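Here is how the chains run, residue by residue.
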Amino acid sequence: MADTLTLLAGRIAALERQVRDLSRSSRLANSSIENGAIAVYDDAGALRGSIGVQQDGTVALAAVNGPTPPVPSAHTVTSVLGGVGVSWNGTFADGSQAPADFASVRVYFSASADFPGGGSLFSALHSASGSSVTVPTGGPVWVRLVCVSTSGAASGPSAVAGPAGPLQVVAQAVLDGIVTDLALANGAVTAAKIQAGAVGSVALAAGGVLEEHLHDAAVSTGKIASGAVTLNTLGGALADSASQRLVDAMGDPAAWQVTATGPGGGWSHLTGVTDAPSGPTVGQATGLVRLRGTTLIAYDPAVLYRVSVRVRATAQPAAGADNVFIGVLGIGADGVTLVNRDGANLPTGQYYCAAVLEAQPVANGWTVYTGYLKGRAAPGVSGSAGPNTDPRAAGLVHDQVRFITPYLWLNYTQQSATGVMQVDVVTVEVLKTGLVDSTNFVAESVTTAALATDSVTAGKIATDAVTAGKIAANAVTAAAIAAGAITADKLTVGGGSNILSDPSFEGAYTAALVASTTSWSVDSTKGNGSGKSLKVSAAAGSATTRSLVITTIPCLAGDQLYVAIDYQASTDYTSTAIVKWYARWEDAAGTVVGYGVVQASPPVLGATWQRVTGTVIAPANTTQAVILAESFQAAAGFVWFDNAAVRPVVGSTQIADGAITTPKMTAGTINGDRITAGTLDAAKITAQSITAAQIKALGITADVIAANAITAAKLDVGAVTATALAADAITGKTITGGAITGATVTGGVVRTAASGRRLVMDPAGGPGTSGALLIYSGHASEVTPGQISSDVVDLGGGNLQPQTIVEAPYISRGTATLRLNSPIQGVDGGRVRIEATDNLDGTAYTFWEAAKDTNGTSRVVSYASNGSGGGGGFTNVEVRGSGLHIDVNAKNLDFTELGGLVVDTGASVAGVLTAGSIVTGRVTITPSAANTPTSVVVTGLNVQGATIRGFATASTTAPGTAVTGVGVTSISSTGLTVWVTRTNTTATGVDWMLIAS
């Protein structure tokens, strides 16, 4: 038996060792797949491949349902014998690495750049590091690549390269001259040896067909190849006309060459476009398209070139309008090499004289962009980047530029295939002396500096053409004003020049204003007589107001400001919106007290400048004016602002006293016949402006001296003698300095100072009839002083009310404070007592008692009766209006005497009423058995009051059926016991409440 157990234990130990060894080894180390395959799935449960015998009987690792591989990068296409060579460098367009399941890069070719039907598949490149292949072809083709994974997934097509065609096996030049004149005997080639029509253009030597060999009218329109007649082959007046004006209305696709496109980009020519201004043909760019003209224009640096392009967007990306670059491409003397503004052979950095990153929203419709070029930059100096929209400041090309051709970048920034732009017409023309008329000038391009002196005569000015904005300061002199032409109502007296530091919004000040905003900017392409303007974008999901603070200036009530500004609203600007230029009036605290606005409501829409002007007056309490430009409640479009003005003014009917001083009058300009009798009074004459030299001897008599006009300052020392003083002429108010002792001052105002902080006893001041003591704080915000006065008010019916009034100073904001200080406050508590009688042991009084320190208690105590007349009366607090409000921040409201708080009518508590005598709560009781009373003890309470009553109710929908009883026992100030009985053992919530009295 023992041997059997030992043997069995040994076998069990051996089995344990085998299990351990198996768990440590690979499960498939010695496994095989018998006539089947192992499927590979991803996290989503999709089949991604299989290992083993496939459906066709082959054994392989097969991948299926793989991800889309990346798009191959740009490839090169070159002409080779019998076809075109296609080379790919093994990279991908987005910088991705070759996918692990890379299979090949397929090569597709097509005779058309848009690959109708997807093109033809020729071959594939099977190396992920890149390779080359030759595509046999007899003509020019375009080529693009598609990456394919081992699971059969294909990428999108690469950029198109081409066209390219095959090289000839034997050069044409060799074929043309293979039989030379040395191989032919003289006269060997006779007319009989030449087959009819055998002598073609290839057989003719250059210059071999002379003028005498051509029959009259032999060269017809059909014999001239497309593009064979260039600007250089034209002669006479036709050559001069063509070189001066190149107009392309997009009718000839061969006139344009696409040099680059973005993802999904393409260029096409459309016909039948009925709303194209220059004909039914347009060029259309989908996505990013860069294209150039194929016609070379010889560049003459001595003339002025105008480049104009009419373009529109018919669809724009979801992110908003895309941009355009418009100008010319610079080309060197060989007619091939590009010359950008830095002299490099690059398609970038060219001469964008008409538009640089100009947004082209669909709402703008057809838009014409115009730029100017003239001359070359000095050697070693870069040309002009653009835009150059002013013919007086035309752009320069690089010193090596000899030819130019139109150059466009469309849908440049976003490069989205959802953006579509159309080109209607492209014009490059030369402006020569004698060929300039009104059509050659851009709006506002002829300024004062461009006009010769006295060149604009009265006959050249249209009626009402000269407005106030066209007249320069000081341009109208006295000699130019007809007698009687200026009446009083036409005069405005200016208080100063334009206070804006950057009124045309061209400087660093405005640039700093808009730097932190997204809606406001400085537009360097648009201005009214200047190079720039202030621009606001009104685009928003709903009507939105956008304003920009221009400046803040000090201003007082009654001040007048002349405010004016030019504005231009785009055609898609919200027609119901308002364009505003205004002053926001504020007081010393920054509180808005009013607005002074000039506005366009509704605004004029379109490409014309408008001007709004007006005079605004500051209201009461104004201390400053904030000047703002604003687009009010708009949701689309743009507004431009320029030539802003803010000038202090005084109307001619409101000439301030003393405003016209002697220095303002030219000698001899005001004669006696110019002054209406009685119109020139003392208030219109500045102090000290009329000196003795202006007064006729003995011209001032007693009857022209106003009462009290001669003050002490007007009297010379010793000029007033005793004989000049009337009896009792010296009264109390004429005494300065010294002391008045033992005297009574009657009928005068007694004050401690003439201004600032002072006391004034004024018999006529105060709300009462007995005068008042006026107390001036001297603070700048004080409107009226504080005062103490007394009065007896007749209430009618024989009722009189004596009163003493204490008023705090009045300011435009804040609250008044009546402060009664106890002299011992802060030592051991201060107390202020108010009594209704003159008996210190009175029957009733109220006192305020301050806390002794920060942790003490302050009190307001009211005694209904006290002292020797003590009794049991109440203190009544009457609250009229909406009732008594106890703020949420109040800590306690204590009623410590007798019966506490008594409310005769009713009390309403809008929030939560908390009382120490009322305590509530909820317990959950799970019966120990059906129909068995079960309880829970509630402890830890602190109920205030002598007699305490308890209540409980079950939260149930089956009272009397499932819940048969609820009750409370053991009620005390610290707790109670809650009971419930029900027909089952379901947990039941029971709400309880204790109320003490």
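**Observations regarding the overall build of the protein**
Within the protein one finds 4 helices and 49 strands. For the protein, the proportion of its 997 residues judged to be buried stands at 28%. For the protein, the proportion of contacts with a sequence separation of at least 24, taken over those separated by at least 6, is 65%. When the accessible area of the protein is evaluated, it comes to approximately 61800 Å², of which 55% is carbon and sulfur surface.

**Some words on the nonpolar core**
Taken as a class, soluble globular proteins show a tendency for nonpolar side chains to be buried jointly. Among the nonpolar cores identified, the biggest contains 35 residues, and Trp581 and Phe641 are the most heavily contacted of them. Of all the secondary structure elements, the ones that give two or more residues to this core are strand E26 (533-537), strand E27 (544-554), strand E28 (560-569), strand E29 (578-586), strand E30 (592-600), strand E31 (610-617), strand E32 (624-634) and strand E33 (638-651). Broken down by element, this core gets its largest block of residues, 5 residues, from E28. Among the nonpolar cores identified, the runner-up in size contains 20 residues, and Ala285, Val309, Leu410 and Val426 belong to it.

**Here's the deal with the environment of Thr518**
Position of Thr518 relative to the elements: it lies in the loop between helix H4 (508-514) and strand E25 (520-523). Here Thr518 falls in the exposed class, since its relative accessible area comes to 81%. Along the sequence, Thr518 and Ser537 sit 19 residues apart, while their C-alpha atoms lie 8.6 Å from each other.

**So, the sheet that holds strand E8 (residues 131-136)**
By way of backbone hydrogen bonds, the strands of a sheet pair with one another, either parallel or antiparallel. Read across the open sheet, the 3 strands follow the order E4-E5-E8; overall the sheet is antiparallel. Each edge of the sheet is formed by a strand with only one pairing partner; in this case those strands are strand E4 (76-80) and E8. In this sheet, adjacent strand axes meet at a mean angle of 25 degrees when their direction is disregarded.

**Some words on the environment of Pro387**
Looking at the secondary structure, you find Pro387 in the loop between strand E20 (367-376) and strand E21 (395-397). Residue classification places Pro387 among the partly exposed residues on the basis of a relative accessible area of 32%. Residues within four places of Pro387 in sequence aside, it is in contact with Tyr352, Cys353, Ala354, Ala355, Val356 and Thr525.

**Quick word on the confidence of the model for the protein**
Model confidence for the protein is summarised by a mean pLDDT of 79, while 65% of its residues fall at 70 or above. Note on residues 236-241: pLDDT under 50 across the span, and 2 contacts to partners over four residues away in sequence or across chains. Every residue in residues 838-842 is under pLDDT 50, and counting partners more than four places away or in other chains gives 8 contacts.

**Focus on the packing of aromatic side chains**
What the rule picks out here adds up to 12 aromatic pairs. With a centroid separation of 6.3 Å and an interplanar angle of 80 degrees, the aromatic rings of Tyr407 and Trp409 are classed as edge-to-face. With relative accessibility at 10%, the residue Trp409 sits in the buried group. An aromatic cluster of three or more residues is present, and its members are Phe325, Tyr352, Tyr407, Trp409 and Tyr412. Looking at Lys526, its charged tip hangs above the ring of Trp640, at a distance of 4.5 Å from the centre. Arg758 extends its terminal NZ or CZ atom over the ring of Tyr776, reaching a point 3.6 Å from the ring centre.

**What to know about the pattern of salt bridges**
Under the criterion given, the structure shown has 8 salt bridges. Asp275 is the salt-bridge partner of Arg312, the closest N and O atoms lying 2.6 Å from each other. With a gap of 37 residues between them, Arg312 in strand E17 (residues 304-315) and Asp275 in the loop between strand E13 (266-270) and strand E14 (282-286) connect regions that are remote in the sequence.

**Section: the sheet that holds strand E48 (residues 975-982)**
The antiparallel open sheet is built from 3 strands, whose spatial order is E45-E48-E47. Looking at the sheet topology across the chains shown, the edges are occupied by strand E45 (934-938) and strand E47 (963-972). Within this sheet the neighbouring strands show an average axis-to-axis angle of 15 degrees, counted without direction. Looking at chain direction, E47 and E48 are connected through 7 bridges and run antiparallel. Looking across to E48, one finds that Val966 is bridged to Val980.

**So, a nonpolar patch on the surface**
A contiguous nonpolar surface patch, about 300 Å² in accessible area, is contributed by Ile33, Ile38, Val40 and Ile51. Structurally, the position occupied by Ile38 is in strand E1 (residues 37-41).

**Description of unusual backbone geometry**
Here the bond from Gly162 into Pro163 is cis, since omega is 0 degrees, no more than 30 degrees from zero. Mapped onto the fold, Pro163 is located in strand E10 (residues 161-164). With an omega dihedral of 0 degrees, the bond running from Ser601 to Pro602 counts as a cis peptide bond. Assignment of secondary structure puts Pro602 in the loop between E30 and E31. A positive phi angle is found at Phe115, which is not glycine, with a value near 50 degrees. Position of Phe115 among the secondary structure elements: in the loop between strand E6 (102-110) and strand E7 (120-125). Even without glycine at this site, Asn643 takes up a positive phi of about 55 degrees. Relative to the assigned elements, Asn643 resides in strand E33.

**Quick look at the side chain of Asp502**
Within the secondary structure, Asp502 is located in the loop between strand E24 (492-494) and H4. Despite its burial, Asp502 remains without a salt bridge, the nearest opposite charge being carried by Lys532 at 8.3 Å. From its side chain, Asp502 meets the backbone nitrogen of Glu506 in a polar contact 3.1 Å long. In contact with Asp502, not counting residues within four places along its chain, are Gly507, Tyr509 and Thr510.

**As for the pairing of E20**
The side chains of a regular strand alternate between both faces of the sheet. Most of E20 sits out of view: 7 of its 10 residues are buried. Of the strand pairs in this sheet, E17 and E20 are connected by 7 bridges, and their pairing is antiparallel. When the sheet's bridge partners are listed, Arg310 is paired in E20 with Val368. For E20 and E21, the ladder comprises 2 bridges, and the chain directions are parallel. Bridging from a neighbouring strand, Leu373 pairs with Gly395 of E21.

**Some points on the side chain of Asp248**
With respect to the element layout, Asp248 can be found in strand E11 (residues 245-248). Here the side chain of Asp248 touches Trp256 through a polar contact of 2.9 Å, side chain to side chain. Those residues within four positions of Asp248 in sequence are excluded, and the remaining contacts are Ala255, Trp256, Asp424, Val425 and Val426.

**Here we look at the environment of Phe109**
Structurally, the position occupied by Phe109 is in strand E6. For Phe109 and Gly162, which are 53 residues apart along the polypeptide, the C-alpha to C-alpha distance reads 9.6 Å. When sequence neighbours within four positions are dropped, the list of residues in contact with Phe109 reads Phe115, Gly119, Ser120, Phe122, Val135, Val141, Trp142 and Val143.

Cut-offs applied
Residues numbered from 1 in each chain as written. Predicted model: local features only at pLDDT ≥ 70, side-chain atom pairs only at ≥ 80, totals over all residues. Heavy atoms only, no water. Helix = DSSP H or I, 4+ residues; strand = E, 2+ residues; numbered from the N terminus. Buried < 20%, exposed > 50% of the residue type's maximum accessible area, 1.4 Å probe, protein only. Contact = heavy atoms within 4.5 Å. Areas by Shrake-Rupley, 256 points an atom, 1.4 Å probe, with all protein chains shown as cover. Core = buried A, V, L, I, M, F, W, Y, C linked by side-chain atoms within 4.5 Å. Pairing = 2+ DSSP bridges. Axes fitted to C-alpha atoms, helices over the stretch in contact; angles between N-to-C directions. pLDDT = per-residue confidence, 0-100. Phe/Tyr/Trp six-rings, centres within 6.5 Å; stacked < 30°, edge-to-face > 60°. Lys NZ or Arg CZ within 6 Å of the ring centre and 35° of its normal. Salt bridge = Lys/Arg side-chain N within 4 Å of Asp/Glu carboxyl O. Patch = residues over 30% accessible without salt bridge, like charges linked within 9 Å, V, L, I, M, F, W, Y side chains within 5 Å. Lys, Arg positive; Asp, Glu negative; His and termini not counted. Polar contact = N/O pair within 3.5 Å; in protein donor to acceptor, adjacent residues only side chain to side chain.

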